[in-house]
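# A closer look at the structure
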Amino acid sequence: MMKIKNNFSDATVLTGRVLKHNFRSVDTIITVIAMPVLMMLAFVYIFGGAMNLGDIKYINYVVPGILVLCVMSAIAYTAYRINNDVTKGIFERFHSMPISKSAILGGHVLSSVVFNIVSIIAVLIVAFLLGFRPSGNALDWLGIIFMLLLFTFAMTWIAVTFGLLAKSGETSGVFSYVLMILAFTSSALAPTATMGKGLAAFATYQPITPIVNCMRSLFMGEDVGNTMWIATAWCIGIAVLFYILAMRIYKGRIS
């Protein structure tokens, strides 16, 4: 019990360290908060008028997709911070101190989740100002929070893996562009029915579409069907896979 308490205490301290770096970086704040907001403005006011969604306002449709893009852009900085600690010898210094080795990565993961929560709240505030009007009840909102936290946690372990693998900070966040492509070729910004047959098939069966569709249904207070289970399975599968990969790489680096 004492060991668990010490591990949690170490992780909390290291989380605070990473969060201070994030909130002091103007570049990070602009990319993580301002860019998703600007992207939402662009899609709502430039492309929204061309979308034929019947009685559904485009901003109500696009907000879940913007939140996904928000998380994907933020985790690139998680990879950068981890790679920076690895390449500049910070990890070696931590290993020489009487702190839990698991807390070193844990601090980065927790800080990623906390920082993403802040950026998601900022995006939602702007969305409400632009006319976003969800109709979900309290239970639906609990489902949204659960899905966003689980999605962020899964994406963070992808960032940890590539942050440990990359040779430099400049290349550590390249993986986020692949994730962005997945988001753009999903139902995040446009219905899959408007896509060509091949692209529509890909969009339907890739992980981002059920995750976005699940959040969209919850926001609108609609029946999610089995989408919640599919989205949860994708997130857990991604998190487990990249956790295993990250820990193997991490153990190889500290051995």
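Definitions and cut-offs
- Residues numbered from 1 in each chain as written.
- Predicted model: local features only at pLDDT ≥ 70, side-chain atom pairs only at ≥ 80, totals over all residues.
- Heavy atoms only, no water.
- Helix = DSSP H or I, 4+ residues; strand = E, 2+ residues; numbered from the N terminus.
- Buried < 20%, exposed > 50% of the residue type's maximum accessible area, 1.4 Å probe, protein only.
- Contact = heavy atoms within 4.5 Å.
- Core = buried A, V, L, I, M, F, W, Y, C linked by side-chain atoms within 4.5 Å.
- Phe/Tyr/Trp six-rings, centres within 6.5 Å; stacked < 30°, edge-to-face > 60°.
- Disulfide = S-S within 2.5 Å.
- Axes fitted to C-alpha atoms, helices over the stretch in contact; angles between N-to-C directions.
- Parallel < 35°, antiparallel > 145°, perpendicular 65-115°, else oblique.
- Left-handed = near helix turned anticlockwise from the far one by under 90°.
- Nonpolar A, V, L, I, M, F, W, Y, C, P; charged D, E, K, R; others polar.
- Lys, Arg positive; Asp, Glu negative; His and termini not counted.
- Salt bridge = Lys/Arg side-chain N within 4 Å of Asp/Glu carboxyl O.
- pLDDT = per-residue confidence, 0-100.
- Expected span 1.5 Å × (residues − 1).
- Polar contact = N/O pair within 3.5 Å; in protein donor to acceptor, adjacent residues only side chain to side chain.

### Quick notes on the overall build of the protein chain
Summing up its helical and strand segments, the protein chain has 11 helices and zero strands in all. Overall, the protein chain shows an N-to-C arrangement of helices and strands of α-α-α-α-α-α-α-α-α-α-α. Each of the 255 residues in the protein chain was classed as buried or not, and the buried ones make up 51%. Within the protein chain, counting contacts between residues at least 6 apart in sequence, those at least 24 apart form 80% of the total.

### Section: the nonpolar core
Ranked by size, the top nonpolar core spans 64 residues in total, and within it Phe151 and Met155 carry the most contacts. The set of elements that each furnish at least two residues to this core consists of helix H2 (26-47), helix H3 (58-87), helix H5 (101-129), helix H6 (138-165), helix H8 (175-184), helix H10 (208-219) and helix H11 (227-254). For this core, the leading source of residues is H3, giving 16 residues.

### So, the packing of aromatic side chains
Scanning all chains against the criterion turns up eight aromatic pairs. When the centroid spacing of 5.0 Å and the interplanar angle of 85° are considered together, the rings of Trp157 and Tyr243 count as edge-to-face. Separated by 86 residues along the polypeptide, Trp157 in helix H6 and Tyr243 in helix H11 bring together distant segments of the chain. Among the residues examined, Tyr243 registers a relative accessible area of 40% and is labelled partly exposed. Grouping aromatic residues by their ring pairs yields a cluster made of Phe128, Phe132, Trp141 and Phe219.

### Points about the state of the cysteines
Under the defined criterion, the tally for this structure stands at zero disulfides. Considering cysteine sulfurs only, Cys235 is the nearest to Cys214, which forms no disulfide, with 8.8 Å between them.

### A look at the packing of H6 against H10
Running from amino to carboxyl end, H6 crosses H10 at an angle of 155°, the nearest separation of the two axes being 8 Å. Judged on the interaxial angle alone, H10 and H6 are roughly antiparallel. Between H6 and H10 lies a crossing of left-handed hand. In contact with Asp140, Trp141, Gly143, Ile144, Met147, Leu148 and Phe151 of H6, H10 contributes Ile208, Ile211, Cys214, Met215, Leu218 and Phe219. Taken together, the residues of the contact of H6 with H10 break down into 11 nonpolar, one polar and one charged.

### Quick look at the side chain of Thr227
Inspection of the secondary structure assignment puts Thr227 in helix H11. Residues contacting Thr227, with those up to four places away along its chain left out, are Pro210, Asn213 and Cys214.

### Brief notes about the packing of H3 against H6
For the pair H3 and H6, the least separation of the axes is 8 Å and the interaxial angle reads 35°. The two elements H3 and H6 meet at a crossing, and its hand is right-handed. In contact with Leu67, Val68, Val71, Met72, Ile75, Thr78, Ala79, Ile82, Asn83 and Val86 of H3, H6 contributes Leu148, Phe151, Thr152, Met155, Thr156, Ala159, Val160, Gly163 and Leu164.

### As for the side chain of Arg216
Mapped onto the fold, Arg216 is located in helix H10. Summary of buried charges: Arg216 has no salt-bridge partner, and the nearest side chain of opposite charge, Glu222, is 7.9 Å away. Contact partners of Arg216, with chain neighbours within four places excluded, come to Tyr61, Pro64, Ser187 and Ala188.

### Here we look at the confidence of the model for the protein chain
Low pLDDT marks regions whose predicted coordinates should not be analysed in detail. Within the protein chain, residue pLDDT values average 81, and 80% of them lie at 70 or more. Confidence scores differ between elements of the protein chain, with helix H1 (residues 2-24) showing the lowest mean pLDDT of 58 and H10 the highest of 94. pLDDT under 50 marks residues 1-6. Its contacts with residues more than four places away, or in other chains, come to zero contacts.

### Thoughts on H6
Given a rise of 1.5 Å per residue, 28 residues ought to cover 40 Å, and the 41 Å separating the end C-alpha atoms of H6 matches this to within 8%. Sitting at the amino-terminal end of H6 is Asn137, which places a side-chain oxygen 3.1 Å from the backbone nitrogen of Leu139.

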